Amino acid sequence: MFTNGIPLAHIDNENDSKLHTLVLRNDFNSNKPFKAVKVVRRDNEDVPEDSNGDANFTSDQRQFQNETLSAHHFYRARHCAQPLQLNDTLSRSAQDFAQQLADTNQFHHSGTEGVGENLYMASNSNGIKINGSAAVTAWYNEIKDYNFNNGSFSMATGHFTQVVWIKTRSIGVGIAYGNEDTSVYVVVRYSPPGNYEGQYQENVRPEGSC
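- Named according to an unreviewed UniProt entry, the protein chain is SCP domain-containing protein originating from Rotaria sordida.

### A closer look at the packing of aromatic side chains
Aromatic ring pairs are defined here through the distance separating the ring centres and the angle between the ring planes.
Part 1 of the argument: Inspection of the entire model under this criterion finds seven aromatic pairs.
Part 2 of the argument: One aromatic cluster in this structure is built from Phe-74, Tyr-75, Tyr-140, Tyr-146, Phe-148 and Phe-160.

### What about the nonpolar core?
Part 1 of the argument: Ranked by internal contacts, the top residues of the largest apolar core, which has 30 residues, are Ile-130, Trp-139 and Val-186.
Part 2 of the argument: Elements with a contribution of two residues or more to this core: α1 (59–77), β4 (116–124), α3 (133–140), α4 (158–164), β5 (170–178) and β6 (183–191).
Part 3 of the argument: Once residues lying within four places of it in the same chain are set aside, the contact partners of Ile-130 are Phe-64, Tyr-120, Ile-175, Tyr-177, Val-184 and Val-186.
Part 4 of the argument: Within the second largest apolar cluster, ten residues are counted, among which are Leu-101, Ala-102, Leu-119 and Met-121.

### Quick notes on α3
Part 1 of the argument: Buried residues of α3: Ala-135, Val-136, Trp-139 and Tyr-140, and no others. Down the axis of α3, the sector holding all buried residues measures 130°, keeping them to one side.

### Some details on the state of the cysteines
Part 1 of the argument: A full pass over the atoms with the stated rule returns one disulfide.
Part 2 of the argument: Across the disulfide, Cys-80 is cross-linked to Cys-210 (sulfur-sulfur distance 2.1 Å). Disulfide Cys-80-Cys-210: torsion about the S-S bond near -110°, hence left-handed. Linking Cys-80 in the loop between α1 and β3 (85–86) with Cys-210 in the segment after α5 (200–203), this pair joins segments that are 130 residues apart in sequence.
Part 3 of the argument: A relative accessible area of 68% means that Cys-210 is categorised as exposed.

What counts and what doesn't
- Residues numbered from 1 in each chain as written.
- Predicted model: local features only at pLDDT ≥ 70, side-chain atom pairs only at ≥ 80, totals over all residues.
- Heavy atoms only, no water.
- Phe/Tyr/Trp six-rings, centres within 6.5 Å; stacked < 30°, edge-to-face > 60°.
- Core = buried A, V, L, I, M, F, W, Y, C linked by side-chain atoms within 4.5 Å.
- Buried < 20%, exposed > 50% of the residue type's maximum accessible area, 1.4 Å probe, protein only.
- Helix = DSSP H or I, 4+ residues; strand = E, 2+ residues; numbered from the N terminus.
- Contact = heavy atoms within 4.5 Å.
- Arc of directions from axis to C-beta.
- Disulfide = S-S within 2.5 Å.

Next comes the structure, spelled out in structure tokens:
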């Protein structure tokens, strides 16, 4: 099961931009009440690896997907984690949910079963456009708060641990702009999901330990 985390916010006073992220915990030993969504996940379940090319993504969406994939590869390589595969099934669901968030001006997890999910939202009153590395870098930067010796879940580091989780094999990527292009929403889904208690030390390796 998982709980949704508290959004982390950063405000840049120079350009009035705001950034938010939301993190999941996959903890099959937890019986605590959930704040927003209640979903039972099947531990380490993978989604089908079908990718039939019929998902009807725009060229900009494809470019963003590939940039996001490359950013994951860059950071995962530091932590002994293999490259990921881009999965159209995951990307279609991620894209649809990103668009839903943008259309409704909301920021919350989807509650989709069987996948991990990292969310990112940024806004700027003068308009905003990001590339695929922006969200991944923001998530990865949580490494500064992660304790590799203890290896456990934290709301402050759950994005980072999902990004570099060794057992994850594929991702799906979605991006959507809202409020007349003054806000952007990024959804990345992971299969099999990470952030399982008792599995951190084998799945989140320190840099230089390969």
